[in-house]
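Summary of structural features
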Amino acid sequence: MPGIKTRCMFCPMQDAFYVEELKRTENPVFGRESILNVEFDPDSDRGLCARGNFCQELSLHAKRQYRARLNGEYVSLGKTINDLKDSLGNLSGERIAILLDGSITLEEGMNAIALAKELNTNLVSLAPAEDLAVGGFINTTTFDKIKDAETNFVIGDIFTTHPTCTKLFHDSRLAARNNTMITLDTVKSRTGWFAHPELVSPLGKTADLLRDIIGVIGGKDISEVPLQEYGISGDDFGWAISALKNAAGDGNVVVGPAWHFADTYEITQLAKELAEVANLGFMVLPISTNSRGIYRLLSSAGLDITGAYKAITEGKLDALIGFDCDPVTSLGNIQIPEIFALTGQVPVDGLDKATHFIPTTFLFEKKGTILGTEEDLIKLGGEIKGPGVKSTGEIMTIISGKKSFDGNMKEIIENFVEPESSPVAKNALETGEIMAMGNGNVIHHSDGRYTRIMPFVNLRGVDEVFEVILPKGIAEKLSVENGDKIKISNKNAEVVLPVKIADWLDGYQILLPMHQPLARRLFHWGNSPSATPIAVKVEKDK
Amino acid sequence: MENTQEKKVEKRRVIIDLDRCIGCSSCRVACSRTHQEDHNLTQAVALDSARFPGHCRHCEQPACVEACPKDAMVKGEDGIVRRLAFRCIGCKSCAIACPFGAIDLNVIRNVVSKCDLCYQRLDKGLEPACVTACVSGALSFEDPEDVVDANLWGARAKAKPGLRRW
């Protein structure tokens, strides 16, 4: 194949593809020295999902950022970096925080630690924040084992969040020996379409149901499980239990908790316990490509990964640097400090607020190493340099004046020990009278049931429909009609949105418009699109 | 002089296994990317619940070719039905005539988009972009008669009687 073999930057499936640089002399394109061609990897049978296919589009994005900005003015790259370096040099380390995107290389992670040591700060963390809860887990199964497994137990809607895993599960599910895929989720989902049995737990009950499944496999009497409370039939529950028991040594528990469960850590921890009790393989799929690798580096270096978020949201900083991530988008309640530096590739919400903006390259344009989902180290094939753009690692090195953190990266990754507790709240789920979650694409069925499918990441903007879908009962209580506005509030934010009344929705649940910037503020971490349930209060807007 | 080098007839077609399709649209995005943002691949919606790609069948007697008033739709010697962009006036006659809804009614750059089986990729020995991109193994590029003879789908349907899309 022509070009270099690289990996997708969008999710931990890390699908391989080729990028080929076509020189400008052969393909004249104004505004860039070269253009890229993306070609599929013929050796990979997993394909490339809709998001993966966007790698080329992102690389050639009409608004791709090639020029550095200092206080909103275009200046040279060198001047911007040097100004940032000088500004940081005058500050106290404990008032500087660094956020790292999960799609940077391990080498860049090491550079970031060196930078933190140089700046004398411990406040370094990982974005997206959701991955903090799952970054510490070690996977014990492989993609090949999933493909050949007797039973795969899936928690979350991974066919939507990590689409290229689909083929593995189909291969197992459709094997001639009649294998089983079981799903557990709070909604009927794209993954659940193909599962039997499909276990759907009420909002906030998923962890309890998992505990009961673990209990029954460990010897607890099935009659002690409050199946009626879960709304699950005895047949489905019994089938799931016997499939899990029969699969001992030849099955897997795969969990994709982020963007889906509020109590991300607890769900993942219970999934791991289930895998251990039932003698199955375990795999967690976070949001970002290399989150688990970056987490291991930061955690092993003793950096304060939760303190960084606390300092950012409480406004205890003089400087915040977001390497390839945008804290303004991801944190609804961010207090922007005096020095706010960002590196990135395309326009983000924080771009106009940044004092320093430094353009960088995407993961698939870099050379370096990432931690594979199967606990292996994957080398990226090569480097493609955009005009006037440096990689994130190079920028870190210029600011710190140090090449890398002193330590053996490979040893740190391979000798990592799972932490005993969560770096974030153990149970972040709050239950209330009314629960809100992202809308998604709702598909109605003739018998009154509905399936809510999470849409794929919307790269082109926010959803067109901004209404909150409200059950009839709540609408009557509030005396609101279609188009009226209601105030939705919780401890994170208070937003006002128009209403659309539905008679098919459960009485305690409202659906928020996905990707809508206002609605996002209600969630713990604002970049949840979000399928994560949250407790809210609703009242008619006066 | 008679042309002794006959163009090889392409018997293979893009075939979809509905028991695998998750409606993720990776095929449509790959198609659009490969064809410079044309929408060559339509999306079919079954009973308002399942969505899957609607590929051109490259019919033996294509209705779209007969319906086109400008001879912009042609069936080549290789059996592939192509749209000639420079002749197309975007009247959508082909899209309306197609019995499978495989041609998008929305015109892009004033012309109709139409699946061409990625013939340029086929010439390089590659499969169509949609098939290569498919994440679930739902799309394959095979001779339809081989698939029917192999009776693959019957076995799969029997494997999981409980399967349903909702």
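About the cut-offs
Residues numbered from 1 in each chain as written. Chains lettered and ligands numbered in written order. Predicted model: local features only at pLDDT ≥ 70, side-chain atom pairs only at ≥ 80, totals over all residues. Domains from an automatic or database assignment. Contact = placed C-beta atoms within 7 Å. Helix = DSSP H or I, 4+ residues; strand = E, 2+ residues; numbered from the N terminus. Nonpolar A, V, L, I, M, F, W, Y, C, P; charged D, E, K, R; others polar. Buried ≥ 20, exposed ≤ 12 C-beta atoms within 10 Å, placed from the backbone. Axes fitted to C-alpha atoms, helices over the stretch in contact; angles between N-to-C directions. Parallel < 35°, antiparallel > 145°, perpendicular 65-115°, else oblique. Left-handed = near helix turned anticlockwise from the far one by under 90°. Pairing = 2+ DSSP bridges.

Attention shifts here to the domain arrangement of chain A. Residue and element names in this part refer to chain A. Partitioning chain A into structural domains gives domain 1 (4–59), domain 2 (69–134 + 289–414), domain 3 (143–284) and domain 4 (434–540). The distance between the C-alpha centroids of domain 1 and domain 2 comes to 24 Å. Contacts between the two partners involve 19 residues from domain 1 and, on the opposite side, 16 residues from domain 2. Elements with a minimum of two residues in the side of domain 1 that touches domain 2: β1 (4–7), β2 (16–23) and α1 (50–59). Counting residues per element, the side of domain 1 that touches domain 2 draws most heavily on β1, which supplies 4 residues. Residues that form the side of domain 1 that touches domain 2 fall into these classes: 11 nonpolar, 3 polar and 5 charged.

Entries for chain B in the domain assignment read domain 1 (12–54 + 117–160) and domain 2 (56–114). Looking at the side of domain 1 of chain B that touches domain 2 of chain B, its residues break down into 3 nonpolar, 4 polar and 2 charged.

Okay, the environment of Thr206(A) next. Residue and element names in this part refer to chain A. Topologically, Thr206 is positioned in helix α7 (residues 206–217). Look at Thr206 and you get buried, because 28 C-beta atoms sit within 10 Å. When the C-alpha atoms of Thr206 and Tyr230 are compared, they prove to be 8.8 Å apart, with 24 residues separating the residues in sequence. Excluding residues that lie within four positions of it along the chain, Thr206 makes contacts with Leu184, Thr186, Ser201, Phe261 and Ile267.

Residue and element names in this part refer to chain A. Their axes nearest at 9 Å, the elements helix α3 (residues 106–119) and helix α11 (residues 291–300) cross at an angle of 30°. Taken together, the axes of α3 and α11 are roughly parallel relative to one another. The element α3 and its partner α11 pack so that their crossing is right-handed. Two secondary-structure elements touch here, α3 through Leu106, Gly109, Met110 and Ile113 and α11 through Gly293, Ile294 and Leu297.

All names here are of chain A. An order of β5-β4-β15-β14-β13-β6-β7 is seen for the 7 strands of this open sheet, with the pairing classed as mixed. Two strands bound the open sheet, and with one partner strand each, they are β5 (73–74) and β7 (124–127). Looking at chain direction, strand β6 (residues 96–101) and strand β13 (residues 319–323) are connected through 5 bridges and run parallel. Bridged to Ile96 within β13 is Ala319. The strands touched by α11 within the sheet are β6 and β7, with β7 carrying the most contacts at an inclination of about 170°. Its contacts with the sheet put helix α12 (residues 305–314) on β6, β7 and β13, and the angle it makes with β7 is roughly 85°.

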